[in-house]
Amino acid sequence: MNPPTATTAEADVTEASPDDPTVHILWINAGLSCDGDSVSLTAATQPSIEELALGALPGLPKVAVHWPLIDYECGPVEGADNFVEWFFKADRGELEPFVLVVEGSIPNERIKPEGYWCGFGDDPETGQPITTSEWLDRLTPKALAVVAIGTCATYGGIHAMAGNPTGAMGVPDYLGWEWKSKAGIPIVCIPGCPVHPDNASETLLYLLYQAAGAAPMIPLDEELRPTWLFGATVHEGCDRAGYYEQGQFADEYGSPQCLVKLGCWGPVVKCNVPKRGWINGVGGCPNVGGICIGCTMPGFPDKFMPFMDEPPGGHVSAAASGIYGSVVRRLRHFTEKTADKEPKWRTRTETIKTGYRPPW
Ligand code: SF4
Ligand code: SF4
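Residues numbered from 1 in each chain as written. Chains lettered and ligands numbered in written order. Predicted model: local features only at pLDDT ≥ 70, side-chain atom pairs only at ≥ 80, totals over all residues. Heavy atoms only, no water.

**Q** Sorry if this is basic, but what is going on with the site of ligand 1 here?
**A** Contacts to ligand 1 come from Val 234, His 235, Cys 238, Arg 240, Ala 241, Cys 258, Leu 259, Val 260, Cys 264, Gly 266, Pro 267 and Pro 286. Assessed atom by atom at 2 Å from the grid points, ligand 1 resides in the largest cavity. For the shell around ligand 1, the class distribution of residues is nine nonpolar, two polar and one charged. (Near = heavy atom within 4 Å. 1 Å grid on protein atoms, 1.4 Å probe; cavity = no way out; pocket = protein on both sides within 12 Å on 5 of 7 lines; lining within 4 Å. Sits in = over half its atoms within 2 Å of the grid points. Nonpolar A, V, L, I, M, F, W, Y, C, P; charged D, E, K, R; others polar.)

Below, the structure is given as structure tokens:
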């Protein structure tokens, strides 16, 4: 007999104490995806996936993560059947509560007369693969919340670009943008290609606190993104915006100046990566020299291609800031010169020159 896995052990605890239920996280990475969001999440630090899964944060409910990327049950020892069994349990109503996380876009199986675009697990009755769309049809009505992770699952992403043969779409396109879980929670979209590690873990953390009754309804914008993560543009958080304002634009890669003329879409893209860094504050996109290609946006990628051309609006705003910026830069230069000098009373003289007068 195989030893119990970490996830199985957690679940056993749940069944033994119904007053203190485990929240199961069922992760479907069988949409059209590259698993990049799964890999990205392993880099999270605030909180880390270990902190979430092991309940290292105060006030969290117990969590059991059923995630193919790291699950023992998905490996060569126990095979995939034990892993898929958790999804069957959820379908039978035996897993309560659970959060369904979907990674990858959802292809349109209706345009396929035979075969399937994507799925996982076999239907014991028919012996045929269960498509990802069918899993969504079965599980979403029973889920506490549905989380679409990464731009493919949220809005279709690269797999849904013009010319694709699958008719792929995001989870809200599939379920409907007005869809709500049985707990009244809309689909929670965490876009990014891949998703930012901490954006993902922080949103899951929020939902776990919400499940524990310790947080109000998760605030989402019209595109179903958490507002505190996607409320500002890349440009608003980019540390090259000072160059932009002063009309200093890079004309080749490797320059520390603003990258708008090289194709940066930051001024119109909602994303916090330059502000947050990638892992532990390190890395990013335009802040460290890579143009923003708008990978979090519903219009990605088609509306941003070709990536390495200057965005249409960039030309006008860069020209305006070029004129204004050269004047401002000159004026600042004078002030900078003054600010660069110490006050003259800081000298080694016999008398004090700071303006201090003794009060007696
Ligand atoms: S590099 Fe991009 S995001 Fe940064 S200041 Fe320039 S346009 Fe804005
Ligand atoms: S800064 Fe731009 S390219 Fe980088 S993650 Fe955000 S949206 Fe994507």
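**Q** Got a minute to help me understand the packing of aromatic side chains in this structure?
**A** A ring pair, where both rings are aromatic, is described by two values, the distance of the centres and the angle of the planes. Taken as a whole, this structure holds 11 aromatic pairs when the rule is applied. Arranged with centres 5.8 Å apart and planes meeting at 65°, the rings of Phe 87 and Trp 135 form a pair that is edge-to-face. Residue Phe 87 is found in helix H4 (residues 79-91), and its partner Trp 135 is found in helix H5 (residues 132-139); the two are separated by 48 residues along the sequence. Here Phe 87 and Trp 135 have matching classes, each one buried. Aromatic side chains Phe 88 and Trp 135 sit 5.3 Å apart centroid to centroid with 55° between the ring planes, which places their arrangement in the tilted category. Of the two residues, Phe 88 sits in helix H4 while Trp 135 sits in helix H5, which places them 47 residues apart along the sequence. An aromatic cluster is present here, built from Phe 83, Phe 87, Phe 88, Phe 120 and Trp 135 joined pairwise through their rings. Directly above the ring of Trp 86 sits Lys 89, whose terminal nitrogen or CZ lies 4.4 Å from the centroid. Positioned over the ring face of Trp 117 is Lys 112, at 4.6 Å from the centre of the ring. (Phe/Tyr/Trp six-rings, centres within 6.5 Å; stacked < 30°, edge-to-face > 60°. Helix = DSSP H or I, 4+ residues; strand = E, 2+ residues; numbered from the N terminus. Buried < 20%, exposed > 50% of the residue type's maximum accessible area, 1.4 Å probe, protein only. Lys NZ or Arg CZ within 6 Å of the ring centre and 35° of its normal.)

**Q** Please clarify how the site of ligand 2 should be interpreted in this entry.
**A** Near ligand 2 the following residues occur: Val 234, Val 269, Cys 271, Val 273, Cys 285, Pro 286, Cys 292, Ile 293, Gly 294, Cys 295 and Thr 296. Class assignment for the residues of the shell around ligand 2 results in nine nonpolar, two polar and no charged.

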